[in-house]
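What follows is each chain in one-letter form.
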Amino acid sequence: MTHTTSEPAGAAGPAADSARPLVQLENVNKHFGPFQALTDINLSIPERQVAIVVGPSGSGKSTLCRTINRLETIDDDGGRILIDGQPLPQEGKELARLRAEVGMVFQSFNLFAHKSILENVTLGPMKVKGLKKARAEKEAMELLERVGVGQQAKKLPAQLSGGQQQRVAIARALAMRPKVLLFDEPTSALDPEMVQEVLDVMVQLAKEGMTMVVVTHEMGFARKAGDRVIFMADGAILEDTDPESFFTAPQHERAKDFLGKILAH
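Predicted model, so just to flag it, every value in this text is computed and none were measured.

Visitor: Which residues make up the packing of aromatic side chains, and what values do they have?
Guide: Any aromatic ring pair is given by two values, namely how distant the centres are and how the planes are angled relative to each other. Counting across every chain of the model gives three aromatic pairs. Ring centres of Phe231 and Phe258 lie 5.4 Å apart, and the angle between their planes is 50°; this geometry places the pair in the tilted category. On the criterion of sequence distance, the pair formed by Phe231 in strand 9 (residues 228-233) and Phe258 in helix 9 (residues 253-262) is long-range, its members being 27 residues apart. In this pair, the class of Phe231 matches that of Phe258, namely buried. With a centroid separation of 5.3 Å and an interplanar angle of 80°, the aromatic rings of Phe246 and Phe247 are classed as edge-to-face. Of the two residues, Phe246 and Phe247, both sit in the buried class.

Visitor: So what's going on with helix 6 (residues 192-207)? Residues and values would help.
Guide: In an α-helix, one turn spans 3.6 residues; hence positions three or four apart end up facing the same way. The end-to-end C-alpha distance of helix 6, which contains 16 residues, comes to 24 Å, matching closely the 22 Å that a straight helix rising 1.5 Å per residue would cover. If you check which residues of helix 6 are buried, you get Met194, Val195, Val198, Leu199, Val201, Met202, Val203, Leu205 and Ala206. Contacts made by the buried residues of helix 6 are with strand 3 (50-54), helix 4 (133-146), helix 5 (162-175), strand 7 (180-184), strand 8 (211-215) and helix 7 (219-225). Looking one or two places after helix 6, you find Gly209, whose phi comes out positive at around 95°.

Visitor: Any chance you could break down the pattern of salt bridges for me, citing the residues and the numbers?
Guide: With the rule as written, the count across this model stands at 18 salt bridges. Between Arg146 and Glu208 there is a salt bridge, with the nearest N and O atoms lying 2.5 Å from each other. Of this pair, Arg146 sits in helix 4 while Glu208 sits in the loop between helix 6 and strand 8, placing them 62 residues apart in sequence. Among the residues examined, Arg146 registers a relative accessible area of 44% and is labelled partly exposed. Each of Arg20, Glu47, Asp84, Glu101 and Lys179 takes part in salt bridges that share partners, so that together they form one network.

Cut-offs applied
Residues numbered from 1 in each chain as written. Predicted model: local features only at pLDDT ≥ 70, side-chain atom pairs only at ≥ 80, totals over all residues. Heavy atoms only, no water. Phe/Tyr/Trp six-rings, centres within 6.5 Å; stacked < 30°, edge-to-face > 60°. Helix = DSSP H or I, 4+ residues; strand = E, 2+ residues; numbered from the N terminus. Buried < 20%, exposed > 50% of the residue type's maximum accessible area, 1.4 Å probe, protein only. Expected span 1.5 Å × (residues − 1). Contact = heavy atoms within 4.5 Å. Salt bridge = Lys/Arg side-chain N within 4 Å of Asp/Glu carboxyl O.

Shown next as structure tokens:
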């Protein structure tokens, strides 16, 4: 994992110059009607970095995450998002190809209820990447073993615990061999005893050098696995620094207030 140094809020962020930028947001704005969800977002996330996005509810964290693979479109005002140097495509096959490179793990798993665990993981590689069934199943089983649910391959999602389903969702995202993985509150729908099993998988991915953007309330994970903490409030990035600096010496009053509340629990 990369170890980083702090930079002032709003800068390109720690270690942004030391590795190839995989995700770049330039002057990104997003409105939902009159409500501005994102305001002048500038962000560069280099290869192999684990960027943790934190902030109060309604701060724009999930919207930011969803714009990176175009689940949310951004305002048409000159802002842009690049993935590995390429602008986000508008629609069609190019967009499908992009989504193969930008894996997403959602809060609510989003598994196909009527398909087995194995089928859930093989579907993308077979449909989008044209893998033959035998190879897709071999790779899927390796991934399911890697996240600790290999023995559940023949079951339907409803037969698994929430923690197991989320680990399947991670395996499904990895099956596409993405360049970057986005996690949108991946543990918030889980019972407390299942949170750690999912975080353990994510910590391992971080150690293996996966580029990750993680929206989360899990501050222990942010400290342990993050290279960088991006603090958002009211749709803007207020702090962008290394975890140690953020947790021990937050600069912005909103960040101090947020940490005071969240760490008091």
